[in-house]
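Fold and geometry: a report
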Amino acid sequence: MTPRSLPATEDDAAALSDRAASQDSRRTQMLRAALDVLVERGFPDTRIADVAERSQVSPALVIYYFKTKDRLLTEAMRYAEDLWYEEGARRLAALPTAARRLEEIVAMSCLPQDEGTYEDTWAIWLDLWATAVRHPDVRQVREEFDEHWRETIRRIVRDGQASGEFDGVDVEDFAVGFSALLDGFAIQIALDDPVVDARRAFDLSMRVAAQQLGFSWERSRKKARKR
């Protein structure tokens, strides 16, 4: 038996586990730093060195983990998206109807959220969309994110149709149209448009959903959370 094939001891396994946990922690630290810098400066003005300084590591280490600035942008967005969907799953699980679940994801898309969330990621989405126009790798990630968003909407609509809450609309058409509507409003919110603020975007989105899906919705029921 060669040394390479010797069975690992418990101490070896523990050391490998600790090393993996340390690497995961360091990667998460850099992703959080990247999000902070991207929100503050925007993608064009963000440098690898800025992220390294914010996360207190060397630029070489950031490059080792993410290779390019484009990859750093997409991985930071993936991290933020994962946090968003985890929080969404927790909230939706406590709601008794499909209509309430749809309202919750619209609120999470439009309205300011609690402290500790990345409520400014819509601004980073603008950078992601702009970068995706000319960078195929970023475009592929953008398509993946959008499909996840549409599937979230599809799932809620199917649940509502199965329970008799929603009319029998074409689920695919609704998901494509409604996700595009929310993304369009997100642009206005990210740009601080004086006509289309977060509250108005939320109300209009819910009115469209209620009309198309055939359920009743009270306009003032959902309140904005504090930033």
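What you see is a predicted model, and the numbers here were worked out from it, not measured in a lab. (Residues numbered from 1 in each chain as written. Predicted model: local features only at pLDDT ≥ 70, side-chain atom pairs only at ≥ 80, totals over all residues. Heavy atoms only, no water.)

1. What to know about the confidence of the model for the protein chain
To keep it simple, the criterion reads: Every residue is assigned a pLDDT by the predictor, reflecting its confidence on a scale from 0 to 100. Strands are runs of DSSP state E lasting at least 2 residues, helices are runs of H or I lasting at least 4, and numbering of each runs from the N terminus. Contacts between residues were defined by any pair of non-hydrogen atoms, one from each residue, lying within 4.5 Å.
Residue-level pLDDT values for the protein chain average 85, and 83% of them are 70 or greater. Across the protein chain, the element-wise mean pLDDT spans from 73 in helix H1 (residues 10–41) up to 96 in helix H9 (residues 198–213). Every residue in residues 12–20 scores below 50 in pLDDT, and together they form zero contacts with partners more than four places removed in sequence or on other chains.

2. A look at the pattern of salt bridges
Quick reminder of the rule: Any carboxyl oxygen of Asp or Glu that lies within 4 Å of a side-chain nitrogen of Lys or Arg is treated as forming a salt bridge with it. Exposure classes here rest on a 1.4 Å probe applied to the protein chains alone. A residue is buried below 20% of its type maximum, exposed above 50%, and partly exposed in between.
This structure, assessed with the given rule, holds 20 salt bridges. In this structure, the salt-bridge partner of Glu87 is Arg90, at a minimum N-O distance of 2.6 Å. One end of the pair, Glu87, and the other, Arg90, are both in helix H4 (residues 69–93), three residues apart, so they sit about a helical turn from each other. Residue classification places Arg90 among the exposed positions, given a relative accessible area of 54%. Where Arg199 meets Asp203, a salt bridge forms, and the shortest distance between an N and an O atom there is 3.0 Å. Highlighted residues: Arg199 and Asp203, both in helix H9, separated by four residues, approximately one helical turn. The exposure class of Asp203 is buried, given its relative accessible area of 4%. The network of salt bridges with common partners includes Glu147, Arg150, Glu151, Arg154, Arg155, Arg158 and Glu172.

3. A word on the nonpolar core
Where a protein is soluble and globular, its nonpolar side chains tend to be buried together. Here is the rule we go by: As used here, the term nonpolar core means buried Ala, Val, Leu, Ile, Met, Phe, Trp, Tyr and Cys residues forming a set that is joined through side-chain atoms within 4.5 Å.
Within the largest apolar cluster, 33 residues are counted, with the highest numbers of intra-cluster contacts made by Leu102, Ile153, Phe166, Phe178, Phe202 and Phe215. Residue assignment for this core shows that the elements contributing at least two residues are H4, helix H5 (98–110), helix H7 (136–162), helix H8 (171–190) and H9. Other than its neighbours up to four places away in sequence, Phe166 contacts Ala98, Ala99, Ile156, Val157, Gly160, Gln161, Leu213 and Phe215. Residues Tyr79, Ala80, Trp125 and Trp129 belong to the second largest nonpolar core, which totals 31 residues.

4. Focus on the packing of H8 against H9
In plain terms, the rule: Simply put, an axis is a line fit to the C-alpha atoms, just over the touching stretch for a helix, and the angle between two N-to-C directions goes from 0 to 180 degrees. Note on angle classes: values under 35 degrees are labelled roughly parallel, values over 145 roughly antiparallel, values of 65 to 115 roughly perpendicular, and the remainder oblique.
Where H8 contacts H9, the two axes come as close as 10 Å, and the packing angle between them is 170°. One finds that H8 runs roughly antiparallel with respect to H9. Where H8 abuts H9, its residues Phe174, Phe178, Leu181, Leu182, Phe185 and Ile189 lie against Ala198, Ala201, Leu204, Ser205, Val208, Ala209, Gln212 and Leu213.

5. Side note on the environment of Arg26
With respect to the element layout, Arg26 can be found in helix H1. A relative accessible area of 36% places Arg26 in the partly exposed class. Arg26 sits 39 residues away from Tyr65 along the chain, and the two C-alpha atoms are 9.6 Å apart. Setting aside chain neighbours within four positions, we find Arg26 in contact with Leu61 and Tyr65.

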